[in-house]
Amino acid sequence: MNSIYQINISKGGVPKLPIQEANVLFNGIEGDKQKDRRYHGGPERALCLFSIDLIEKLKSEGHPISAGSTGENITISFKDYHLLVPNVKLKLGDEVVIEITSYAAPCKTIKRFFLNEIFVRISQKLFPNQSRLYARVLKEGRISVGDKIEILS
């Protein structure tokens, strides 16, 4: 089942730390902050998603990465992660609807979570379908760890 593996927030910076449930608002997860709003946050980047399966793959390559360490708000378990591309709409739990807007470019602030600080390991350009995703919120609501995720379009 495609589901929410972990929900992550911080007061700015990484790693973002896990919480069990959250209110998802049009501008992001309630209680979550970003240090540099030029590159993070805002309506087109309200949420950042990343795959636990990719995190586990990166760990197996020797990277000291974990859920939340790359700044994603929602770590997901999604069998066909490669299907999550810009313009795809997802329903998270019973209420929240989001739309993937873009791939998140890796930033040097996450370098400590990568072997030899090679944070470009999650660059969409260099490693297609292995990057984080940005999304806009189309319908606000509450989500919890374990909630089902389904593709709407």
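So, here is what we can say about the structure in this document. (Residues numbered from 1 in each chain as written. Predicted model: local features only at pLDDT ≥ 70, side-chain atom pairs only at ≥ 80, totals over all residues. Heavy atoms only, no water.)

1. Observations regarding a nonpolar patch on the surface
Counted only if it meets this: Residues forming no salt bridge and having over 30% relative accessible area are the ones grouped into patches, like charges within 9 Å of each other and nonpolar side chains (Val, Leu, Ile, Met, Phe, Trp, Tyr) within 5 Å. Using a 1.4 Å probe, accessible areas were evaluated by the Shrake-Rupley method; residue-level cover was limited to the displayed protein chains. By salt bridge we mean one thing: a side-chain nitrogen of Lys or Arg within 4 Å of a carboxyl oxygen of Asp or Glu. Numbered from the N terminus, helices here are DSSP runs of H or I no shorter than four residues, and strands are runs of E no shorter than two.
On the surface, Ile118, Val120 and Leu126 cluster together into a nonpolar patch covering about 250 Å² of accessible area. Topologically, Val120 is positioned in the loop between strand E8 (96-104) and strand E9 (132-139).

2. Considerations on helix H1 (residues 52-60)
Operational definition: Note on exposure labels: buried denotes an accessible area under 20% of the residue type's maximum, exposed denotes more than 50%, and partly exposed covers the range between, all computed with a 1.4 Å probe on protein chains only. The directions considered for the arc are those from the helix axis to the C-beta atoms. In what follows, residue pairs with any heavy atoms lying within 4.5 Å of each other are defined as contacts.
By the burial criterion, the buried members of H1 are Ile52, Leu54, Ile55 and Leu58. End-on view of H1: buried residues confined to an arc of 160°, all on one side of the axis. Its buried side turned inward, H1 meets strand E1 (3-9), strand E5 (47-51) and strand E6 (74-77). Looking one or two residues beyond H1, the residue adopting positive phi is Gly62, at roughly 105°.

3. Details of the pattern of salt bridges
The final tally for this structure, using the stated rule, is seven salt bridges. Of the charged contacts, one joins Glu21 and Arg142 as a salt bridge, the two residues approaching to 3.0 Å between their closest N and O atoms. Of this pair, Glu21 sits in strand E3 (residues 21-25) while Arg142 is found in strand E10 (residues 141-144), placing the two residues 121 residues apart along the sequence. Accessibility expressed as a relative area gives 34% for Arg142, which makes it partly exposed. Residues Glu56 and Lys59 are paired through a salt bridge, measuring 4.0 Å at the closest nitrogen-oxygen approach. Of this pair, Glu56 and Lys59 both sit in helix H1, three residues apart, roughly one helical turn. On the accessibility criterion, Glu56 (40% relative accessible area) is partly exposed. One salt-bridge network, in which partners are shared between bridges, spans Glu44, Glu99 and Arg136.

4. Digging into the sheet that holds E9
Basically, it comes down to this: Any two strands with at least two DSSP-identified bridges between them are counted as paired. Think of each axis as a best-fit line through the C-alpha atoms, taken over the contacting stretch in the case of a helix, with angles from 0 to 180 degrees between the N-to-C directions.
The eight strands lie next to each other as E2-E1-E6-E5-E9-E8-E7-E11, forming an open sheet whose pairing is mixed. Of all strands in the sheet, those bounded by a partner on one side alone are strand E2 (17-19) and strand E11 (149-151). Strand-to-strand, the axes of this sheet are offset by a mean angle of 40°, without reference to chain direction. Of the strands in this sheet, E1, E5 and E6 are in contact with H1, which crosses E5 at around 55°.

5. Here we look at empty space enclosed by the protein
Stated formally: Within this scheme a cavity is a closed region of a 1 Å grid, computed over the protein atoms alone, that accommodates a 1.4 Å probe without allowing it to escape, whereas a pocket is open but has protein on both sides within 12 Å along at least five of seven lines; lining residues each have an atom within 4 Å of a point. Grid points are joined across faces, edges and corners, and a volume is the space filled by probe spheres set on the points. Classification convention: Asp, Glu, Lys, Arg as charged; Ala, Val, Leu, Ile, Met, Phe, Trp, Tyr, Cys, Pro as nonpolar; all other residues, Gly among them, as polar.
Here the structure, examined in full by the defined rule, presents one cavity of 30 Å³ or more. Looking at the largest cavity, its volume works out to about 30 Å³. Lining the largest cavity are Tyr81, His82, Leu84, Tyr103, Gln124, Asn129, Gln130, Ser131 and Leu133. Counted by class, the lining of the largest cavity contains four nonpolar, five polar and no charged residues.

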